[in-house]
Amino acid sequence: MRQHDVQELNRILFSALETSLVGTSGHDLINRLYHGTTVNQIVCKECKNVSEKQEDFLDLTVTVKNVSGLEDALWNMYVEEEVFDSDNLYHCGTCDRLVKAAKSAKLRKLPPFLTVSLLRFNFDFVKCERYKETSCYTFPLRINLKPFCEQSELDDLEYIYDLFSVIIHKGGCYGGHYHVYIKDVDHLGNWQFQEEKSKPDVNLKDLQNEEEIDDPLMILKTILLQEESNLIPVDQLGQKLLKKIGISWNKKYRKQYGPLRKFLQLHSQTFLLSSDESTVRLLKNSSLQAEPDFQRNDQQIFKTLPSESPGFNGRTSCPHWFDINDSKVQPIKEKDIQQQFQGKESAYMLFYRKSQLQRPPEARGNPRYRVPRHLLSEMDATNIELQTKRAECDSTENNFELHLHLGPHYHFFNGALHPVGSQTESVWDLTFDKRKTLGDLRQSIFQLLEFWEGDMVLSVAKLLPAGLHVYQTLDGDSLTLSEIELADGEDIFVWNGVEVGGIQIPTGSDCEPLLLNVLHLATSSEGEKCQQLIEFPHVFPSNAEVGTVFTSLAIPGGVVLINNTESIGEKNWTTIPKVDLKKTFREQGLRNGSSILIRDSNHDNSWLTKQEKWITSMNEIDWLQVKNLCELESEEEQVKISTTVNTVVFDIRIKAIQELKLMKELAENSCLRPIDRNGKLLCPVPDNYTLKEAGLKMGSSLGLCPGRAPTSSQLFLFFAVGSDVQPGTEMEIIVEETLSVRDCLKIMLEKSGLLGDAWHLRKMDWCYEAGEPLCDEDATLKELTICSGDTLLLIEGKLPPLGFLTVPIWWYQPQHPSGHWKSHQDRRNCTPSQGGIWRAISSQGAPGDAHAEVSLHYLGDIDISEDATLMELKSQAMTLPSFSEFVIPSPAFLRAWTVESKRPSRLLRADQQQLKEYKLGRRTEICLEPLQKEENLG
């Protein structure tokens, strides 16, 4: 799971491959495929002495900043010379003085596969920060490296390379994401899109008429196409250009495109220069085409080859590319690669291969070509298992729950739909595949509801505080449930689309019902207003006018005040002007739970001040649900207790005991414990806490349990034996926070019925797994920041003292050990008496190789200081009684490996290095392996 830059990862991968192939026929594979050399030369202008230095490379690193493209960068690196003169003279060893000189570099040896890394990440020394270079940087599909090479006597085709892969980086210099384009060299893809038709050729006359003369590439291609031999000296090409357009290359193009020969070299995918650069010809796969404007720029040297152009050996090249992005693979065309020239998502590494390299015909369309049979069998078995798991995962990923609300079991009341009977009769849960269509869903519901007659309409519904409300109707039986964006757990109302129980149902978000709290002065029996506010809930459509509140409540008129805040004191009330009574509830910003106050027009606000305290306290009053968990009989299993955020827990507990009609003795020996959504009892709440201090929310559930709650100096802890904790298996304990870890461990062992002192405590981490051990057993729980509600785990095994490690030792037994390395048990054909043996079939070689038979014999544990050396660990391990089974002359002839997943993993190389420098954990396992070469015995 380590993060790497892709260039760094490439080198690590190459190094790992080279290491793994040592001693095999492929030991030089990386060297043969990717290794190249460059030579740096300094030539003295006086004596012509050449000083050179050769360097190897696996990839070429080229600059991006202030460079238009790859070929320009290579030109600067391997063609341009650096001159030493004036104040920057070179000391020549032959002349023995400072002289003028020229420094240059050339490619000496080209690999079959050329890897190019683009330096897109730079540092701004002014701002002192890193940044990513996102400017335009072009690269060709085909490149001629001959101008950049030291030797040019080879055939011209030896220098032609084709692009076959591009790694793309998306993001900035501090993070991002990689994906890759790979050419379908073996024609393995199932390509469905149609190829674009070739663009028609145009002649020079058309170019001139269309003012295409400004494009030197087009004019030079036209001249070469008109030559019978398709070959012309470079000097004559310049003369023919002057004759055709009436102006020389230097006057027309040199300022923008540079010298003619350099232009021809930069466009090696179109022109092929001879070895002495005296003649030029047009490549066979290059034709005169009307190219789009974005390719008619000197910065845009990337030219797309024809869709199916013949290669140099007559074989057909494939124009298709894969875009591989994590688990997603999709097709792209060659022309789409030009989108990666610049921007935050742009090319980062380029991979070229010699154009003469051709895959054999047998490999075309055959992904199993030359793969060993045993690997094919393993691959087939793995694929079958993968397909099974994929089908299971696919079913899990695409099934979701729908809640069907059956119209005949509902009635419309107080502005919303409510079930007539029980929830079980009214709501049916249905698991359905979201890839199926709406028509499939309707058909399935028809089969479930055998009693249904007539039309069936399915509508999206939502449970609101006022009740169930119907929104849009689902249409389009041919659409899948994913396409109509049905969510998991969606509520679906099943009805006839018109009425429920004879009442026409309003639908849509406009008329969404709002549950509002209405307050107004009570009326006495004589019809007079009293100085007492009454409050009751009422439902209004959100698109109704605020003025309809008078009609709905049968009030002749008055003043309406609204309050949208949680606290409804006087300062939070807002009077609605009469002109705004025609606005809707939604336009006034009212939502579920908002309050409306109605008073007479001639009434002043003095009474509001008198009633403010009452209003506030009334609004804050809410309830908690308390369940009887004392295992005592009661008339009620649970009760609702009215509370405020400032209510003390003790008062809630006493009131619950009274309403549950339990014994008064429980007042001295009971506590309240919150119940989470999974039904688990949490830590008891101290009696002296208010609901706000305890963090309890209104409407939550509490359990009335036997036993006192912990005091302010005590901790309530859960604990369990082992790291595999199952729900409901934890035990509970109340201890003083000043208790030491050692004493806490003893109490937990006694309560668990466990014997012995070979145990230690670990705190459960946020992943519900055993975390770091509590090493300092003399420290108090408070010092180790143990809090009420934490879970501690009793883990078998005594912790070593501070500064020491407990190291389990294993013996690695090779498949065919020779001579001195055979154990006594092996000679007697007996199994070792000590510990367990673990075997896995994999190839002969070092421990952990993929194909060697690995046999680990458990020898025992040793306690050793972190300051001890690896040699001391080997020596101490040899003192284990079980080690007498093996004949080993000295610890110097043992190799040590760390063990992971019951396999040797990391080789510990330096015998004199301290264990703490290897960063071994407190339970890191070590296996010892005898050296297999008998001459090492001396």
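Residues numbered from 1 in each chain as written. Predicted model: local features only at pLDDT ≥ 70, side-chain atom pairs only at ≥ 80, totals over all residues. Heavy atoms only, no water.

As for the overall build of the protein
We count it as follows: In this description a helix means any DSSP run of H or I spanning at least four residues, a strand means any run of E spanning at least two, and both kinds are numbered starting from the N terminus. Burial classes: relative accessible area under 20% of the type maximum marks a residue as buried, over 50% as exposed, and values in between as partly exposed (1.4 Å probe, protein chains only). In short, Shrake-Rupley with a 1.4 Å probe defines the accessible areas, and a residue's cover is counted only from the protein chains shown.
Secondary structure summary: the protein contains 19 helices and 48 strands in total. Taken over 938 residues, the protein has a buried fraction of 42%. Accessible area for the protein stands at about 51400 Å²; split by element, carbon and sulfur atoms hold 49% of it.

Digging into the sheet that holds strand β16 (residues 279-282)
Selection rule: The rule for pairing is simple: two strands pair if DSSP sees at least two bridges between them. Interaxial angles span 0 to 180 degrees and are taken between N-to-C directions of axes, which are lines fitted to C-alpha atoms, for helices over the stretch in contact. Contact definition: two residues touch when any of their heavy atoms are within 4.5 Å.
With antiparallel pairing, the three strands of this open sheet are ordered in space as β14-β16-β15. Pairing within the sheet leaves two strands with one partner each, and these edge strands are β14 (231-233) and β15 (271-273). Averaged over neighbouring strand pairs, the angle between their axes works out to 30° when direction is ignored. As paired elements, β14 and β16 share three bridges and run antiparallel to each other. Looking across to β16, one finds that Leu231 is bridged to Arg281. Together, β14, β15 and β16 form the strand contacts of helix α6 (residues 234-245), whose direction differs from that of β14 by roughly 90°.

Describing the nonpolar core
Here is the rule: Nonpolar cores are built from buried Ala, Val, Leu, Ile, Met, Phe, Trp, Tyr and Cys residues. Side-chain atoms within 4.5 Å join them into one set.
Core analysis: the biggest nonpolar cluster contains 36 residues, and Leu70, Phe139, Leu145, Val166, Leu350 and Tyr352 have the highest contact counts within it. Where this core is concerned, the elements lending two or more residues are β3 (60-63), α3 (70-78), β7 (101-109), β8 (113-119), β12 (160-172) and β19 (345-354). No other element matches the five residues that α3 contributes to this core. In contact with Tyr352, other than residues within four places in its own chain, are Leu70, Pro112, Phe113, Leu114, Phe139, Pro140, Leu141, Ile143, Tyr161, Asp162, Leu163 and Phe164.

Here's the deal with the pattern of salt bridges
Formally: By definition here, a salt bridge exists when the distance from a side-chain nitrogen of Lys or Arg to a carboxyl oxygen of Asp or Glu is within 4 Å.
Tallying each qualifying case throughout the model produces 26 salt bridges. In this structure, the salt-bridge partner of Asp59 is Arg11, at a minimum N-O distance of 3.1 Å. Taken together, the positions of Asp59 in the loop between β2 (50-57) and β3 and Arg11 in helix α1 (residues 6-20) put the pair 48 residues apart, joining distant regions of the chain. Ionic contacts of the salt-bridge type, sharing partners, join the residues Glu52, Arg108 and Glu150 into one network.

Some remarks on helix α17 (residues 741-752)
Where we set the bar: In this analysis, the expected span of each helix is defined as 1.5 Å times one less than the number of residues it contains. Each C-beta atom gives one direction from the helix axis, and the arc is the one those directions make.
Here α17 spans 16 Å end to end across 12 residues, near enough to the 16 Å set by a 1.5 Å rise per residue. When α17 is considered as a whole, its buried residues turn out to be Val741, Cys744, Leu745, Met748 and Leu749. The buried residues of α17 all sit within an arc of 135° when viewed along its axis, so they share a single face. Lining the buried residues of α17 we find β38 (714-721), β39 (731-736), β40 (759-764) and β42 (791-796). Just downstream of α17 lies Gly753, where phi reads positive at about 75°.

Observations concerning the sheet that holds β7
Here we have four strands laid out as an open sheet, ordered β2-β1-β7-β4, and antiparallel in their pairing. Looking at which strands have only one partner, the edges of the open sheet turn out to be β2 and β4 (82-84). Recorded for the sheet is a direction-independent mean angle of 25° between the axes of neighbouring strands.

Digging into the pairing of strand β17 (residues 320-325)
Two elements, strand β13 (residues 175-183) and β17, share four bridges in a ladder whose sense is antiparallel. Bridging across to β17, Val180 finds its partner in Ile324. Where β17 lies against strand β18 (residues 328-333), six bridges are found, and the strand directions are antiparallel. Within β18, the position partnered with Asn325 by the bridge is Lys328.

Thoughts on the layout of surface pockets
Rules: Put plainly, a pocket is an open set of points on a 1 Å grid over the protein atoms alone with protein on both sides within 12 Å along at least five of seven lines, a cavity is a set where a 1.4 Å probe fits but cannot get out, and a lining residue has an atom within 4 Å of a point. Grid points are joined across faces, edges and corners, and a volume is the space filled by probe spheres set on the points. Throughout, the ten residues Ala, Val, Leu, Ile, Met, Phe, Trp, Tyr, Cys and Pro are labelled nonpolar, Asp, Glu, Lys and Arg are labelled charged, and all others, Gly among them, are labelled polar.
The calculated volume of the largest pocket comes to roughly 750 Å³. Lining the largest pocket are 25 residues, with Phe14, Tyr34, Phe113, Phe164 and Phe351 positioned closest to its centre. Among the elements that line the lining of the largest pocket, the one with the most residues is α1, at five residues. Split into classes, the residues belonging to the lining of the largest pocket amount to 17 nonpolar, five polar and three charged.

Some remarks on the packing of helix α5 (residues 216-225) against α6
Two quantities define a packed helix pair, namely the angle between the helix axes and the distance between the axes. Selection rule: Any angle from 65 to 115 degrees is called roughly perpendicular, while one under 35 is roughly parallel, one over 145 is roughly antiparallel, and all others are oblique.
Viewed as axis vectors pointing N to C, α5 and α6 meet at an angle of 105°, and their least axial separation amounts to 10 Å. Between α5 and α6, the interaxial angle falls into the category roughly perpendicular. Seen from α5, the contacting residues are Ile219, Leu220 and Ile223; seen from α6, they are Leu237, Lys240, Leu241, Lys244 and Ile245. Grouping the amino acids of the contact of α5 with α6 by side-chain chemistry returns six nonpolar, no polar and two charged.

Things to note about the packing of aromatic side chains
Rules: Each pair of aromatic rings taken from Phe, Tyr and Trp, with Trp reduced to its six-membered ring, is defined by centres within 6.5 Å and is described as stacked if the planes are under 30 degrees apart, edge-to-face if over 60, and tilted in the remaining cases.
Across all of its chains, the model carries 18 aromatic pairs by this definition. Centre to centre, the rings of Tyr34 and Phe113 are 5.8 Å apart; their planes meet at 35°, and the pair counts as tilted. In this pair, Tyr34 is assigned in helix α2 (residues 29-34) and Phe113 in strand β8, connecting sequence segments 79 residues apart. Summarising the burial analysis for this pair, Tyr34 and Phe113 share the class buried. When the centroid spacing of 5.7 Å and the interplanar angle of 70° are considered together, the rings of Phe113 and Phe164 count as edge-to-face.

As for the confidence of the model for the protein
Defined as follows: The predictor reports its confidence for every residue as pLDDT, a score running from 0 up to 100.
Chain-level statistics for the protein give a pLDDT mean of 80 and a share of 83% at 70 or above. Low pLDDT, under 50, characterises residues 848-852; the predicted model gives this stretch 19 contacts beyond four residues in sequence or across chains. Throughout residues 934-938 the model reports pLDDT below 50, and contacts reaching past four residues in sequence, or to other chains, amount to eight contacts.

Observations regarding the side chain of Asp59
Put simply, the test is: By the criterion applied in these results, polar contacts are pairs of N or O atoms within 3.5 Å in which, for protein atoms, one can donate a hydrogen and the other can accept it, and in which residues neighboring in sequence qualify only through two side-chain atoms.
Classification of Asp59 as buried rests on a relative accessible area of 7%. A polar side-chain atom of Asp59 sits 3.4 Å from a polar atom in the side chain of Gln7. A distance of 3.1 Å separates a polar atom in the side chain of Asp59 from a polar atom in the side chain of Arg11. With residues up to four places along the chain from it excluded, the contact list for Asp59 reads Gln7, Arg11, Thr115 and Ser117.

Structural notes on the pairing of β12
For β12, a buried count of 10 out of 13 residues is recorded, marking the element as mostly surrounded by other parts of the structure. Looking at chain direction, strand β11 (residues 142-144) and β12 are connected through three bridges and run antiparallel. Bridged to Asn144 within β12 is Ile160. Relative to β19, β12 is paired through nine bridges, and the arrangement is antiparallel. Paired with His169 across the bridge in β19 is Ser346. Here β12 runs beside β13; their pairing, made up of eight bridges, is antiparallel. Bridging from a neighbouring strand, Gly172 pairs with Gly175 of β13. Between β12 and β13, which pair antiparallel and follow one another directly, the connecting turn spans two residues.

A word on the environment of Glu52
Topologically, Glu52 is positioned in strand β2. Remark: the alpha-carbon pair of Glu52 and Ser104, spanning 52 residues in sequence, is separated by 9.6 Å. Once you skip the residues sitting within four places of it in the chain, Glu52 turns out to touch Val39, Asn40, Gln41 and Arg108. A distance of 3.2 Å separates polar atoms of two side chains, one belonging to Glu52 and the other to Gln41. A polar side-chain atom of Glu52 sits 3.2 Å from a polar atom in the side chain of Arg108.

Quick notes on helix α12 (residues 438-448)
Where α12 is concerned, the buried positions are Leu438, Gly439, Leu441, Arg442 and Ile445. For α12, the arc enclosing every buried residue in end-on projection is 160°, short of the 170-degree limit, so these residues lie on one face. Against the buried residues of α12 lie β20 (399-406), β23 (427-433), β24 (457-464) and β26 (490-495).

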